[in-house]
Amino acid sequence: MTDMLNWIDVGPVEGIPLQGARTLQTRTDRIAIFRTLDQQVFALLDRCPHKDGPLAQGIVHGHFVTCPLHNMVFSLETGQAQGPDDGCAAKVEVKIIEGSVHVGLTPSQMGKRHEG
Ligand code: FES
């Protein structure tokens, strides 16, 4: 499915707070883009699967984020809830190209039909 994505450049890795996140508003939802201490970048929808908590405002630790509302912990790599909790935060594709963060948006997030 990644060939259906529209990759957009959202600026330098340094634009994301270390062990924090920034958000990107799309037509259909908001994306949380995280930067970990080891300089990796991950993205999830900014909507906790429990009760829609803003994951971008959570605590980043290792490759995990703790939701600010009820402290569920999610893997940034898979979106999967950790420990006894069920649920999965929706993962968004992201990659770094020459120091810039590129996020893969679906056609509906772009607000356009897929062309070609
Ligand atoms: S809304 Fe995230 S843990 Fe409840």
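Look above for the structure.
Residues numbered from 1 in each chain as written. Predicted model: local features only at pLDDT ≥ 70, side-chain atom pairs only at ≥ 80, totals over all residues.

**Q** Help me understand the sheet that holds strand β1 (residues 6-12), please; the structure alone is not making it clear to me.
**A** Reading across from one edge, β1-β10-β9 is the order of the three strands in this open sheet, with antiparallel pairing throughout. Two strands bound the open sheet, and with one partner strand each, they are β1 and β9 (94-97). Sheet twist, expressed as the mean angle between neighbouring strand axes with direction ignored, is 30 degrees. Note that β1 and strand β10 (residues 100-105) share five bridges and pair antiparallel. Counted as the bridge partner of Asn6 is Leu105 from β10. (Pairing = 2+ DSSP bridges. Helix = DSSP H or I, 4+ residues; strand = E, 2+ residues; numbered from the N terminus. Axes fitted to C-alpha atoms, helices over the stretch in contact; angles between N-to-C directions.)

**Q** It is not clear to me how the nonpolar core should be interpreted in this structure. Could you clarify?
**A** Across soluble globular proteins, nonpolar side chains show a tendency to be buried alongside one another. In terms of nonpolar packing, the biggest core is built from 26 residues, with Ala32, Ile33, Phe34, Ala43, Leu44 and Val103 touching the most fellow members. Secondary-structure elements contributing two or more residues to this core are β2 (20-25), β3 (30-35), β4 (41-45) and β10. In this structure, Leu44 is in contact with Ala32, Leu55, Phe74, Leu76, Gly79, Ala89, Ala90, Lys91 and Val92, ignoring residues within four places of it in sequence. (Core = buried A, V, L, I, M, F, W, Y, C linked by C-beta atoms within 7 Å. Buried ≥ 20, exposed ≤ 12 C-beta atoms within 10 Å, placed from the backbone. Contact = placed C-beta atoms within 7 Å.)

**Q** Can you help me understand the pairing of β2 in this one?
**A** Regular strands place side chains that alternate from one sheet face to the opposite one. Direction of pairing for β2 relative to β3: antiparallel, over a ladder of six bridges. Its bridge partner being in β3, Gly20 is matched across the sheet by Arg35. Taken together, β2 and the strand that follows it, β3, pair antiparallel across an intervening segment of four residues.

**Q** Sorry if this is basic, but what is going on with the pairing of β10 here?
**A** Residue alternation in β10 divides its side chains into a buried set, Val101, Val103 and Leu105, and an unburied set, Ser100, His102 and Gly104. Two elements, β9 and β10, share four bridges in a ladder whose sense is antiparallel. Each residue of the ladder has a partner; that of Val94, found in β10, is Val103. Here β9 hands over to β10 after two residues, with Glu98 in that stretch at a positive phi of 50 degrees.

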